[in-house]
There are 2 protein chains.
Amino acid sequence: MRDFNQQRIRDVLAGSGPATQAELARRTGLSTATISNIVRRMAAASLVTTTPTTSSGRKATLVSLDEDGSFAAGIDFGRRHIRIILATPGHTILAERFQDVPPGLDATEVIDEADRLLQRTLDETGRRREDLLGCGVGVPGPVDRRTGEIVYGAILPEWVGINILDRLRTTLRTPVHLDNDANLGALAEVTWGPHVHAHDLAFVKVGSGIGMGLILRGELYYGNVGLTGELGHTTVAEQGQICRCGSRGCLETVASTSYMLDLLARTRRADRPLTTADLVEAATAGDPAARRVVADAGQALGRALASTANILNPELIIIGGPLATLGHILLDPVRQGMHRHAIPAVSATTDLVMASLGDRAEALGACTLAFQQAAVPA
Amino acid sequence: MRDFNQQRIRDVLAGSGPATQAELARRTGLSTATISNIVRRMAAASLVTTTPTTSSGRKATLVSLDEDGSFAAGIDFGRRHIRIILATPGHTILAERFQDVPPGLDATEVIDEADRLLQRTLDETGRRREDLLGCGVGVPGPVDRRTGEIVYGAILPEWVGINILDRLRTTLRTPVHLDNDANLGALAEVTWGPHVHAHDLAFVKVGSGIGMGLILRGELYYGNVGLTGELGHTTVAEQGQICRCGSRGCLETVASTSYMLDLLARTRRADRPLTTADLVEAATAGDPAARRVVADAGQALGRALASTANILNPELIIIGGPLATLGHILLDPVRQGMHRHAIPAVSATTDLVMASLGDRAEALGACTLAFQQAAVPA
């Protein structure tokens, strides 16, 4: 029993990074006295390190896993980029690499790129692929967990209908765990981010698509076959534009970054296509058209989130993706939309904040996924 | 360890009623060999009875708790009725009573009515109140689990802002567990109903209000403070009618039974106000106006459910409430609305069915709540 409890503590630390003894008690269901005994024994055996800290103003003991040489990789595939992070279960980042991906490559070519990038990252740190605990992989589309395929309607049309999981395993030659990028963003917020205490939260990634990862009762929620969090396809305009999913007036048709850039482009002459960075820069600088584009998209997003909050009553909704740096310029209209459409008691009990991990969230969450899966008995 | 596992089996049977050995294995995480050993021992000690049965065409062993004299009460409060069921953990219904409640009574008067009805039900079966395991209570409104109050916006305005839970405990003089009626409908479907295998489902109660109970990963989901499943306040018409919740164009303003009756009443001269039973009768008889009222409300409901399914990807959505007897007359337009607005892969993996327990669902679920809470260590 003692060994079993020690393993549970190890799994929590490996999955979520350093934690106080009180947090460990809450997350394992063990008493604080039991935790304290086991942690003392683990520290004596150089399995963990304890550090004095404070939590809510009180003295507390922070417990971190001692590094034992184990590490995992997190890979985040975007429409136009690959990011790789190598990290340890003790939450040390060993290396990080980012690379643009030219348009037009098919899934196999992009995975080959990732394989070369992973090898360079490993070489840089003097580590071997066969020592990897595994590799978490995030993709910007819904993953059918029965098959490991990205389903129709994903933001990566070239990837649809291919068994990405098999392809990744064959190419990367390490255990691979595939998930939707918004799910990994949610996972990162409760492990690498500041929301380790949150039980029920939604992480919304606003980009060319609008996806949402759900942590319910402290764990990622996958529903029936993994097709959760498709917030971007909430109907907000009965007779709106036809959406790539085949429905009409979906949130994505009025609040994706692609739509926002379209609207902004019509207000100016430009010698090159506008980028999300241009939109962020213009809105931050106070450009009235850019501000209005963000405000209207934010209100529509808030309205869709109101329906989500009415149904799930999460304690926290986190807005992530490339617009997160806009801070209150985006958050204020989202809050207005949510306040306008949620029932008052739900609105009053749901915090709304900006993501804190920037564009590394998905790759960090992918590392966590690899740690967690490595801890699951085979 | 053996006693601990025996208790887990007992708790599952008490919470959910008779189950096959295979189901017990799935729900406790114990091996089928362990289950089989423990069940044999429990049967020898007259704690359970085993009966041969078939499951998916194969021979199986059904395990039921032997009655030990313990029983609980389930009370369902509607806007205009009280229903009480007395039942045993072995799923024997001992007694059932229904009573209309005149309009205009305040919460205290209605609870006093329930107390008298409970006493008559106990007397009828020759049982004593002090032998009750407890009493589950369903109310048609969202319950704030921090306080035991029904929150603003509930369908029972006279009950808002009163500590109903305290009032019930004082009056009924037995352990009381309060929940929203749609939550109890969902619980009943996976315990008394046919959906005992379902992990992730939504139970929708369509009445004067539209509420939804969620079973996620096999358990009722309560979110942050219990205000989940407020499907009736999904915005479906940006510039629609003002709703009692303070928002605008909520699903309830176009798909509640009250709204349907209003629409129908305008098509005919009547010497008394129309009732839901009149609507059901007219639609069943093929009355074109009644059919159209149901079709339009059903499509709107389907659209709101599409957004829910896009986010939660449940395996099953169950439509309950007083219109459930309409069967396909209601189910077909709901399915059309859902198909039109959900992403295709979600639509294809979500079953949509009518509730099977009729207007007893909430009181049966309330009994289950009392069994489950009695099994929780104090």
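As the structure is a computational prediction, the values presented were derived from the model and not from experiment.

### Observations concerning the overall build of chain A
The secondary structure content of chain A amounts to 13 helices and 15 strands. Its C-alpha radius of gyration of 21 Å places chain A within 12% of the 21 Å reference for a compact globule of 378 residues. For chain A, the spread of C-alpha atoms along the three principal axes comes to 65 × 50 × 40 Å. A total of 378 residues make up chain A; the buried ones form 57% of that total. Long-range pairs, those at least 24 residues apart, make up 61% of the contacts in chain A between residues at least 6 apart in sequence. Carbon and sulfur atoms make up 50% of the accessible area of chain A, which totals about 15500 Å².

### Observations concerning the pattern of salt bridges
Inspection of the entire model under this criterion finds 33 salt bridges over all chains. A salt bridge links Asp296(A) to Arg292(A), with the shortest nitrogen-to-oxygen separation between them at 3.0 Å. Residue Asp296(A) and its partner Arg292(A) are located together in helix α10 (residues 288-312), separated by four residues, close to a single helical turn. Judged by its relative accessible area of 41%, Asp296(A) is partly exposed. For Arg292(A), a relative accessible area of 55% gives the class exposed. Here Lys205(B) makes a salt bridge to Glu362(B), at a shortest N to O gap of 3.4 Å. Of this pair, Lys205(B) sits in strand β11 (residues 201-206) while Glu362(B) sits in helix α13 (residues 361-375), and the two are 157 residues apart along the sequence. Assessed through its relative accessible area of 5%, Glu362(B) is described here as buried. A network of salt bridges, in which partner residues are shared, links Arg83(A), Glu96(A), Asp359(A) and Arg360(A).

### Quick look at the UniProt feature "domain: HTH marR-type" (unreviewed entry) in chain A
Following the UniProt record, one finds the feature "domain: HTH marR-type" (unreviewed entry) at residues 12-58 of chain A. Secondary structure content for residues 12-58 of chain A is 55% helix and 23% strand, while the C-alpha to C-alpha distance between its ends is 22 Å.

### Structural notes on the interface of chain B and chain A
Often the size quoted for an interface is simply the accessible area lost on bringing the parts together. Contacts between the two partners involve 43 residues from chain B, matched on the other side by 43 residues from chain A. Both faces combined, the contact of chain B with chain A buries some 3800 Å², and carbon together with sulfur accounts for 50% of it. Per-residue buried area on chain B facing chain A is highest for Arg217(B), Tyr221(B) and Ile311(B); these three make up 19% of the total on that side. Among the salt bridges present, the one from Glu238(B) reaches Arg303(A), with a minimum N-O distance of 2.4 Å. At the boundary of chain B and chain A, one finds 32 residue pairs in polar contact (both at pLDDT 80 or more). No other element matches helix α10 (residues 288-312) of chain B, which puts seven residues into the side of chain B that touches chain A. The class makeup of the residues in the side of chain B that touches chain A is 19 nonpolar, 15 polar and nine charged.

### Describing the sheet that holds strand β6 (residues 93-100) of chain A
Residues and elements named next belong to chain A. Spatially, β6-β5-β4-β7-β10 is the arrangement adopted by the five strands of the open sheet, whose pairing is mixed. The open sheet has two edge strands with one neighbour each: β6 and β10 (176-180). Shown here is a sheet whose adjacent strand axes are inclined to one another by a mean of 15°, direction ignored. Pairing analysis gives six bridges linking strand β4 (residues 71-77) to strand β5 (residues 81-87), with the strands arranged antiparallel. By the bridge assignment, Ala-73 is partnered in β5 with Leu-86. Packing against the sheet, helix α6 (residues 181-189) makes contact with β4, β7 (132-139) and β10, and its axis sits at approximately 100° to β10.

### Some words on the side chain of Gln99(B)
Residues and elements named next belong to chain B. By the element assignment, Gln-99 lies in strand β6 (residues 93-100). Its relative accessible area of 16% is what places Gln-99 among the buried residues. Here Glu-113 takes part through its side chain, which lies 2.4 Å from a polar atom of the side chain of Gln-99. Setting aside residues up to four positions removed in sequence, Gln-99 forms contacts with Arg-80, His-81, Ile-82, Glu-113, Leu-117 and Arg-120.

### Thoughts on α13(B)
Residue and element names in this part refer to chain B. Compared with an ideal rise of 1.5 Å per residue, which puts 15 residues at 21 Å, α13 spans 21 Å between its outermost C-alpha atoms and is within 8% of the ideal. Counting buried positions along α13 gives eleven out of 15 residues, so the element sits mostly inside the fold. Within α13 the residues assigned to the buried category are Ala-361, Glu-362, Ala-363, Leu-364, Gly-365, Ala-366, Cys-367, Thr-368, Leu-369, Ala-370 and Phe-371.

### Details of the domain arrangement of chain A
Residues and elements named next belong to chain A. Here the domain parsing of chain A yields domain 1 (2-65), domain 2 (71-187) and domain 3 (194-356). With centres defined by C-alpha atoms, the gap from domain 2 to domain 3 works out at 25 Å. Taken together, the contact between domain 2 and domain 3 spans 18 residues of the former and 19 residues of the latter. Taken together, the two surfaces of domain 2 and domain 3 that pack against each other cover about 1500 Å², and 59% of this comes from carbon and sulfur. On the domain 2 side of the contact with domain 3, Arg-145, Asn-183 and Ala-186 bury the most area, a combined 30% of that side's loss. Counting the contacts that link domain 2 with domain 3 gives one salt bridge. Residue Asp-181 is joined to Lys-205 by a salt bridge in which the shortest nitrogen-to-oxygen separation is 3.0 Å. Applying the counting rule to domain 2 against domain 3 returns four residue pairs in polar contact (both at pLDDT 80 or more).

What counts, and where the lines are drawn
Residues numbered from 1 in each chain as written. Chains lettered and ligands numbered in written order. Predicted model: local features only at pLDDT ≥ 70, side-chain atom pairs only at ≥ 80, totals over all residues. Heavy atoms only, no water. Helix = DSSP H or I, 4+ residues; strand = E, 2+ residues; numbered from the N terminus. Rg over C-alpha atoms; globule rule 2.2 N^0.38 Å. Buried < 20%, exposed > 50% of the residue type's maximum accessible area, 1.4 Å probe, protein only. Contact = heavy atoms within 4.5 Å. Areas by Shrake-Rupley, 256 points an atom, 1.4 Å probe, with all protein chains shown as cover. Salt bridge = Lys/Arg side-chain N within 4 Å of Asp/Glu carboxyl O. UniProt positions renumbered as here; feature names shortened; annotations may be inferred. Buried area = accessible area lost by both parts, 1.4 Å probe. Polar contact = N/O pair within 3.5 Å; in protein donor to acceptor, adjacent residues only side chain to side chain. Nonpolar A, V, L, I, M, F, W, Y, C, P; charged D, E, K, R; others polar. Pairing = 2+ DSSP bridges. Axes fitted to C-alpha atoms, helices over the stretch in contact; angles between N-to-C directions. Expected span 1.5 Å × (residues − 1). Domains from an automatic or database assignment.

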